[in-house]
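# Survey of secondary and tertiary structure
Spelled out from the first residue to the last, the chains are:
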Amino acid sequence: MRRLSLLILIVMLAIGMLAVSDAFAWRLFQAFYWDVPNGWYNTVKSKVSDLKNAYIQVIYLPPPSKGMSGGYSMGYDPYDYYDLGAYNQKGSIATRFGTQSELKSLISTIKYYGMKAMADIVINHRAGGDSQYNPFTGGNTWTDFSRVASGKFKMSYWDFHPNDIHSYDSGAFGGYPDICHDKTYVKTNIIAWLKWLKNSANAGFDFWRLDYVKGFAPWVAAYIYDNTGYPFIVGEYWDGNRDTLRWWVDSVNRS
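A brief structural summary. (Residues numbered from 1 in each chain as written. Predicted model: local features only at pLDDT ≥ 70, side-chain atom pairs only at ≥ 80, totals over all residues. Heavy atoms only, no water.)

### Let's talk about the overall build of the protein chain
- From N to C terminus, the protein chain includes eight helices and nine strands.
- The C-alpha atoms of the protein chain give 18 Å as radius of gyration, which agrees with the globular expectation for 255 residues (18 Å, within 12%).
- Counting over 255 residues, the protein chain shows a buried share of 53%.
- In the protein chain, the share of contacts with a sequence separation of at least 24, taken over all contacts with a separation of at least 6, comes to 67%. (Helix = DSSP H or I, 4+ residues; strand = E, 2+ residues; numbered from the N terminus. Rg over C-alpha atoms; globule rule 2.2 N^0.38 Å. Buried < 20%, exposed > 50% of the residue type's maximum accessible area, 1.4 Å probe, protein only. Contact = heavy atoms within 4.5 Å.)

In structure tokens:
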């Protein structure tokens, strides 16, 4: 999720999700790197016209939601999905990249120049929740997200693994609570959040880059594609086995 050098490979893995001609049509630029300075949205905004002149069509931006590390987070530890830099929680109002108003201004500028904005979407896991007793583990887990400042998409131990459906899915990450996408509540709220992100009143994103798709079933990517307006989607699947990568693309089956 951190190396720009892998972006071309990642884009190639998305080909099976859309028509091949569409997948090759977009010239995409990753507009961030690991540990960028605070206020990064304004830095990118100042470069949008240059990117347009370089024939870039899609600007890929970092995860927009407030992470458990607040202003220090690179966004891969999502805490409050609906906090794009508007609530004072986890030690800051702004995310590492800026405030929600700055994000909206950046995306508005991207649209002004006729380009598209892609959001990095982290839905394999969630971080920063409070401790609660979990009957499925017999102990306490950090799975209580009832106190998110936005008041939206609250979650509890029911929505993570293990639960009453199954104990695990394709893969956990970093010891964070692992989201269960088979839960109707989870599926419904992820789609609602993505549609909210597409609305220019909130952000205005066009496309998705799905982080760590190896951590959940391929149908999740297809479900998101089918229910958020059939956008261009990049799926990040880290694996050195070509057959495994082909299996994932074929399983998504949106060609």
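### Considering the sheet that holds strand 9 (residues 233-235)
- The strand order across the open sheet built from five strands is 1-2-5-8-9, with neighbouring strands paired in parallel fashion. Both edges of this open sheet fall to strand 1 (28-30) and strand 9, since each of them pairs with a single strand only. Strand-to-strand twist across the sheet, computed as the mean angle between neighbouring axes with direction ignored, equals 20 degrees.
- As judged from the three bridges shared by strand 1 and strand 2 (residues 58-61), these two strands associate in the parallel manner. Its bridge partner lying in strand 2, Phe29 is registered against Ile59. (Pairing = 2+ DSSP bridges. Axes fitted to C-alpha atoms, helices over the stretch in contact; angles between N-to-C directions.)

### Digging into the packing of aromatic side chains
- Tallying each qualifying case throughout the model produces 20 aromatic pairs.
- The interplanar angle of 65 degrees and the centroid separation of 5.1 Å between the aromatic rings of Trp26 and Phe207 together place this pair among those described as edge-to-face. In this pair, Trp26 is assigned in the loop between helix 2 (20-23) and strand 1 and Phe207 in strand 8 (residues 207-210), connecting sequence segments 181 residues apart.
- On the basis of relative accessibility, which here comes to 28%, the residue Trp26 falls in the partly exposed class.
- Seen from their ring centres, Tyr79 and Phe145 are 5.9 Å apart, and the 40 degrees between their planes marks the pair as tilted. Here Tyr79 is found in strand 4 (residues 78-80), whereas its partner Phe145 is found in the loop between strand 7 (139-144) and helix 6 (184-198), with 66 residues between them in sequence.
- For Tyr79, a relative accessible area of 5% corresponds to the buried category. (Phe/Tyr/Trp six-rings, centres within 6.5 Å; stacked < 30°, edge-to-face > 60°.)

### Concerning the pairing of strand 8
- Burial along strand 8 is two-sided: the residues Phe207 and Arg209 and Trp208 and Leu210 are all buried.
- Direction of pairing for strand 5 (residues 116-121) relative to strand 8: parallel, over a ladder of four bridges. Its bridge partner lying in strand 8, Ala119 is registered against Trp208.
- Each parallel crossover has a hand, and the one from strand 8 via helix 7 (residues 218-227) to strand 9 is right-handed. (Right-handed = clockwise from strand over helix to strand, strands pointing away.)

### Topic: the pattern of salt bridges
- Scanning all chains against the criterion turns up nine salt bridges.
- Among the ionic pairs, Arg147 bridges to Asp130, the shortest N-O distance being 3.3 Å. Of this pair, Arg147 sits in the loop between strand 7 and helix 6 while Asp130 sits in strand 6 (residues 130-134); the two residues are 17 residues apart in sequence, bridging distant segments of the chain.
- Using a relative accessible area of 60% as the deciding quantity, one classes Arg147 as exposed. (Salt bridge = Lys/Arg side-chain N within 4 Å of Asp/Glu carboxyl O.)

### Focus on unusual backbone geometry
- For the bond from His161 to Pro162, the omega torsion is -5 degrees, close enough to zero to count as cis.
- Relative to the helices and strands, Pro162 is located in the loop between strand 7 and helix 6.
- If you check the backbone angles, Lys90 has positive phi at about 55 degrees while not being a glycine.
- Locating Lys90 in the fold gives a position in the loop between strand 4 and helix 5 (100-112).
- Of note, the phi angle at Tyr230 is positive, near 55 degrees, even though the residue is not glycine.
- Mapped onto the fold, Tyr230 is located in the loop between helix 7 and strand 9.

### So, the pairing of strand 6
- Pairing analysis gives four bridges linking strand 6 to strand 7, with the strands arranged antiparallel. Its bridge partner lying in strand 7, Asn134 is registered against Gly139.
- A loop of four residues connects strand 6 with strand 7, the two strands running antiparallel in sequence, and Gly138 in this loop sits at a positive phi of about 75 degrees.

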